[in-house]
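Overview (structure and organization)
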Amino acid sequence: MKLIDGKQTATDIKKEIAAEVREMVAAGAKKPHLAAILVGHDGGSETYVAFKIKDCEEVGFKSSLIRFEDDVTEEQLLAKVNELNNDADVDGFIVQLPLPKHISEQKVIEAIDPKKDVDGFHPINVGRMVIGLPCFVSATPDGIVELLKRYNIETSGKDCVVVGRSNIVGRPMSVLMSQKAINATVTVAHSRTKDLEALCAKADILIAAIGIPEFIKGNMVKEGAVVIDVGTTRVKSDQTKSGFKLKGDVAFDEVAAKCSYITPVPGGVGPMTRVALLKNTLLAAKKEIYN
Ligand code: NAP
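To start, this report covers the structure provided alongside it. (Residues numbered from 1 in each chain as written. Predicted model: local features only at pLDDT ≥ 70, side-chain atom pairs only at ≥ 80, totals over all residues. Heavy atoms only, no water.)

1. Thoughts on empty space enclosed by the protein
Stated formally: Grid points spaced at 1 Å over the protein atoms alone were grouped into cavities, where a 1.4 Å probe fits but cannot get out, and pockets, open sets with protein on both sides within 12 Å along at least five of seven lines, with lining residues defined by an atom within 4 Å of a point. Grid points are joined across faces, edges and corners, and a volume is the space filled by probe spheres set on the points. A helix here means a DSSP run of H or I that spans at least four residues, while a strand means a run of E at least two residues long, and both kinds are numbered starting from the N terminus.
Scanning the entire structure with this criterion turns up 2 cavities of 30 Å³ or more. Of the pockets and cavities examined, the largest cavity occupies roughly 50 Å³. Lining the largest cavity, in full, are I94, V95, L97, V108, I109, I112, D117, D119 and F121. Of all the secondary structure elements, the ones that give two or more residues to the lining of the largest cavity are strand 4 (92-95) and helix 4 (105-111).

So this is what it looks like as structure tokens:
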């Protein structure tokens, strides 16, 4: 079994991005600029946004954080989105989800200019991804594809099962795996799938994006399969200072004993998700997707 080291791969990619930014700036271009809108004080969202800002600093991007309290109105938030859409200095921006219940996330996502939608959630970017046009691909599936490429994992003609069909992970992941550059034969599974164990056990590449710790057991994995664990559930732990640790969707020890490659949690998909946002911001700054 070979461990897919997402942390190291992400570090390598960050170095590549930083070198490119240095070259751009030396040639007279401005630094790529990522803005993030954060509403409220949810612990998880605070942490994710803090990481995104730290990542920007590491690669030489400019970053801006725009904060609103929980009681911001949808209208106020949409006005800020519109302002960022028209701010020539901002190359790309994200609105950290989830938003408070009184605000329509879909409305906010659709208000973002697709040219600055570096999360890749706008229906224009999703649609362009589906038909294979240049677009901002959502970060987690993009990070997973990059890991498969960098580990030279054969995907052509392979049977791939994606467990989970969310708009941010499972569904885009399944589309990417079926595209001509990747050429896997894809099955998407979800909570209504019949005989999930048998289906997973036939997969050459198994991608778990469920959100239930250790859901994928050894008997659900074929000998020699490639297993990608997207799950990150915070569970109580007396082994960490914070009192919590992250658990993946895969029962690591029993699955690792059978598979050819596996991503750990933490240190697998998570760091690649972070780096994919940087890649999209760089593409936005270079106007490589849209002019
Ligand atoms: P989500 O929106 O809750 O979707 C979960 C999916 O799993 C749904 O499609 C659901 O099916 C399916 N599912 C739930 N129970 C199932 C069961 N018993 N059998 C088969 N399928 C089942 O979650 P998400 O946003 O995609 O995230 C999934 C996990 O990945 C979470 O742990 C999340 O924290 C993690 N995540 C990690 C990263 C990262 O960077 N590492 C990024 C994003 C998400 P239905 O559609 O039928 O309900």
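2. A word on the packing of helix 1 (residues 6-26) against helix 2 (residues 43-59)
Applicable threshold: The axes are straight lines fitted to the C-alpha atoms, using for helices just the contacting stretch, and the angles between their N-to-C directions are given from 0 to 180°. Angle categories: roughly parallel below 35 degrees, roughly antiparallel above 145, roughly perpendicular from 65 to 115, and oblique for all the rest. The contact definition used throughout considers only heavy atoms, calling two residues in contact when any of these lie within 4.5 Å. Under the convention adopted here, Pro, Cys and the residues Ala, Val, Leu, Ile, Met, Phe, Trp and Tyr are nonpolar, Asp, Glu, Lys and Arg are charged, and Gly plus all remaining residues are polar.
Axis separation between helix 1 and helix 2 bottoms out at 8 Å; the angle between their running directions is 55°. As judged from the angle between their axes, helix 1 and helix 2 are oblique. Residues K14, I17, A18 and V21 of helix 1 form the contact with helix 2, whose participating residues are D55, E58 and V59. For the contact of helix 1 with helix 2, the class distribution of residues is 4 nonpolar, no polar and 3 charged.

3. A look at the sheet that holds strand 11 (residues 261-262)
Where we set the bar: Only when DSSP finds a minimum of two bridges between them are two strands counted as paired.
Across the sheet, which stays open at both edges, the 6 strands sit in the order 1-11-8-7-5-6 with parallel pairing between neighbours. Edge strands, defined here as strands with exactly one partner in the open sheet, are strand 1 (2-3) and strand 6 (185-189). As paired strands, strand 5 (residues 159-163) and strand 7 (residues 205-208) are joined by 4 bridges and run parallel to one another. Its bridge partner lying in strand 7, V161 is registered against L206.

4. Thoughts on the layout of surface pockets
Each pocket or cavity is described by its volume, and for the second largest pocket that value is around 390 Å³. Looking at the second largest pocket, it is lined by 19 residues, and the ones nearest its centre are V137, D142, K149, L176 and Q179. Mapped onto the lining of the second largest pocket, the elements with two or more residues apiece are helix 5 (123-130), helix 6 (139-150) and helix 10 (269-285). With 4 residues, the single largest contributor to the lining of the second largest pocket is helix 6. Residue classes in the lining of the second largest pocket are distributed as 11 nonpolar, 3 polar and 5 charged.

5. Quick look at the pattern of salt bridges
Rules: Just to be clear on terms, a salt bridge is a Lys or Arg side-chain nitrogen sitting within 4 Å of an Asp or Glu carboxyl oxygen.
All chains considered together, the criterion is met by 17 salt bridges. One salt-bridge network, in which partners are shared between bridges, spans K14, K54, D55, E58 and R274.

6. Comments concerning the packing of aromatic side chains
Applicable threshold: Here a Phe, Tyr or Trp ring, Trp counted by its six-membered ring, pairs with any other such ring whose centre lies within 6.5 Å, and the pair is stacked when the planes are under 30 degrees apart, edge-to-face when over 60, and tilted otherwise. Here's how the labels work: a residue is buried when its accessible area is under 20% of the maximum for its type, exposed when over 50%, partly exposed in between, all with a 1.4 Å probe on protein chains only.
One pass over the full model with this rule turns up 2 aromatic pairs. Here F136 and Y290 contribute two aromatic rings whose centre-to-centre distance is 6.0 Å and whose plane-to-plane angle is 55°, an arrangement assigned as tilted. Taken together, the residues F136 in the loop between helix 5 and helix 6 and Y290 in the segment after helix 10 connect sequence positions 154 residues apart. For Y290, a relative accessible area of 15% puts it in the buried group. Look at Y151 and Y261: their rings are 6.4 Å apart centre to centre, the planes differ by 80°, and that puts the pair in the edge-to-face class. Here Y151 is found in the loop between helix 6 and strand 5, whereas its partner Y261 is found in strand 11, with 110 residues between them in sequence.

7. With respect to a negative patch on the surface
Formally: Exposure above 30% relative accessible area and the lack of any salt bridge qualify a residue for a patch; like charges then connect within 9 Å, and the nonpolar side chains Val, Leu, Ile, Met, Phe, Trp and Tyr within 5 Å. Accessibility throughout is a Shrake-Rupley quantity obtained with a 1.4 Å probe, and a residue counts as covered only by protein chains that appear here. Counted charges follow a simple rule, with Lys and Arg positive, Asp and Glu negative, and His plus the chain ends left uncounted. Charge positions are represented by NZ for Lys, CZ for Arg, CG for Asp and CD for Glu.
Residues D42, E69, D70 and D71 make up a contiguous surface patch of negative charge. You can see D71 is positioned in the loop between strand 3 (62-68) and helix 3 (74-85).

8. Focus on helix 10
Condition: Each helix should span, by expectation, one fewer than its residue count multiplied by 1.5 Å.
Across its 17 residues, helix 10 extends 25 Å between first and last C-alpha, which sits within 8% of the 24 Å expected from 1.5 Å per residue. Within helix 10, 12 of the 17 residues are buried, leaving the element largely enclosed by the surrounding structure. Turning to helix 10, its buried residues number three or more, namely V269, P271, M272, V275, A276, L277, L278, N280, T281, L282, A284 and A285. Summarising the contacts, the buried residues of helix 10 are in contact with helix 1, strand 2 (33-39), helix 2, strand 4, helix 6 and strand 8 (226-229).

9. Quick word on the site of the ligand
Our working definition: One heavy atom suffices: a residue is near a molecule or strand as soon as one of its heavy atoms comes within 4 Å of it.
Around the ligand, the surrounding shell holds 22 residues, and the nearest of these are R165, S166, S191, T232 and T273. Here the ligand loses 69% of its free accessible area of 920 Å² to cover by the protein chains. In the shell around the ligand, the residues fall into 10 nonpolar, 11 polar and 1 charged.

10. A word on the nonpolar core
Going by this rule: Note on terminology: a nonpolar core comprises buried Ala, Val, Leu, Ile, Met, Phe, Trp, Tyr and Cys residues joined through side-chain atoms within 4.5 Å.
Of all hydrophobic cores here, the largest spans 51 residues; its most connected members are I17, F61, I144, M177, I207, I228 and V230. Per element, the largest residue contribution to this core is 8 residues, and it comes from helix 10. Discounting chain neighbours no more than four positions away, the residues touching M177 are L148, T155, C160, I182, N183, A184, V186, I205 and I207. Counting residues in each nonpolar core, the second largest holds 18 residues, with I216, M220, V255 and I262 among its members.

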